[in-house]
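# Observations on chain architecture
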Amino acid sequence: VQLQASGGGLVQPGGSLRLSCAASGVIFSINGMGWYRQAPGKQRELVADITSGGKTYYADSVKGRFTISRDNGKSTVYLQMNSLKPEDTAVYYCNLHSDTWNYDYWGRGTLVTVSS
């Protein structure tokens, strides 16, 4: 299983970015997908998750600003991030997991920096 995340970069406060994570080597449609982030000196935290059936979860800190979505035809999960804040600065990782969490895989992170 390979997960390739992309889309990170430098953005000003209030700006937007869209992260993508393409999966290969796995039947994408039957798995849940999540986005996590880890800021310097902090633990990795769950940002958003989407089940194989499309049910979504968001951390309180990103509700109303971030949107997770998936395209099963492209085996890709997206994270649309709007109204970005400096505290959103982190390395963002995508995670693929079964809906029952009996296995999961991690991709390499992509750095998001929110700064003026």
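Attention in this report is confined to the structure presented alongside it. Keep in mind it's a predicted model, so treat the numbers as computed, not measured.

Scoring rules and cut-offs
- Residues numbered from 1 in each chain as written.
- Predicted model: local features only at pLDDT ≥ 70, side-chain atom pairs only at ≥ 80, totals over all residues.
- Heavy atoms only, no water.
- Salt bridge = Lys/Arg side-chain N within 4 Å of Asp/Glu carboxyl O.
- Buried < 20%, exposed > 50% of the residue type's maximum accessible area, 1.4 Å probe, protein only.
- Helix = DSSP H or I, 4+ residues; strand = E, 2+ residues; numbered from the N terminus.
- Core = buried A, V, L, I, M, F, W, Y, C linked by side-chain atoms within 4.5 Å.
- Contact = heavy atoms within 4.5 Å.
- Disulfide = S-S within 2.5 Å.
- Phe/Tyr/Trp six-rings, centres within 6.5 Å; stacked < 30°, edge-to-face > 60°.
- Lys NZ or Arg CZ within 6 Å of the ring centre and 35° of its normal.

Inspection of the entire model under this criterion finds four salt bridges. Among the ionic pairs, Glu45 bridges to Arg37, the shortest N-O distance being 2.7 Å. The class for Glu45 is partly exposed, based on a relative accessible area of 35%. In this structure, Asp88 and Arg65 form a salt bridge, with 2.7 Å as the shortest nitrogen-oxygen distance. Of the two residues, Asp88 is situated in the loop between β8 (76–81) and β9 (90–97) and Arg65 in the loop between β6 (56–58) and β7 (66–71); the sequence distance between them amounts to 23 residues. Arg65 carries the same exposure label as Asp88, and that label is buried. In this structure, a network of salt bridges that share partners links the residues Arg37, Glu45, Arg65 and Asp88.

A few words on the nonpolar core. Nonpolar side chains tend to gather and get buried jointly when the protein is soluble and globular. Counting 29 residues, the largest nonpolar core has Trp35, Leu79, Met81 and Tyr92 as its most contacted members. Every element with two or more residues in this core is listed here: β1 (2–6), β3 (17–24), β4 (32–38), β5 (45–50), β7, β8, β9 and β11 (110–114). With residues near it in sequence (within four places) discarded, Leu79 still touches Leu17, Arg18, Leu19, Trp35, Val47, Ala48, Phe66, Thr67, Ile68 and Tyr92.

Before going further, it helps to examine the state of the cysteines. As used in these notes, a disulfide is a covalent bond between sulfur atoms, one from each of two cysteines. Scanning all chains against the criterion turns up one disulfide. Note that Cys21 is cross-linked by a disulfide to Cys94, the S-S spacing being 2.0 Å. Linking Cys21 and Cys94, the disulfide has an S-S dihedral of approximately 45 degrees and is accordingly described as right-handed. With Cys21 in strand β3 and Cys94 in strand β9, this pair connects stretches of sequence that are 73 residues apart.

With that settled, the discussion passes to the packing of aromatic side chains. The tally for this structure, following the rule as stated, stands at two aromatic pairs. Ring centres of Tyr36 and Trp106 lie 4.8 Å apart, and the angle between their planes is 65 degrees; on these two criteria the pair is classed as edge-to-face. Remark: Trp106 occurs in strand β10 (residues 104–106) and Tyr36 occurs in strand β4; sequence separation between them is 70 residues. The class of Tyr36 is buried, set by a relative accessible area of 13%. Ring centres of Tyr103 and Tyr105 lie 6.0 Å apart, and the angle between their planes is 55 degrees; on these two criteria the pair is classed as tilted. A cation sits over an aromatic face here: Arg44 above Trp106, 4.6 Å from the ring centre.

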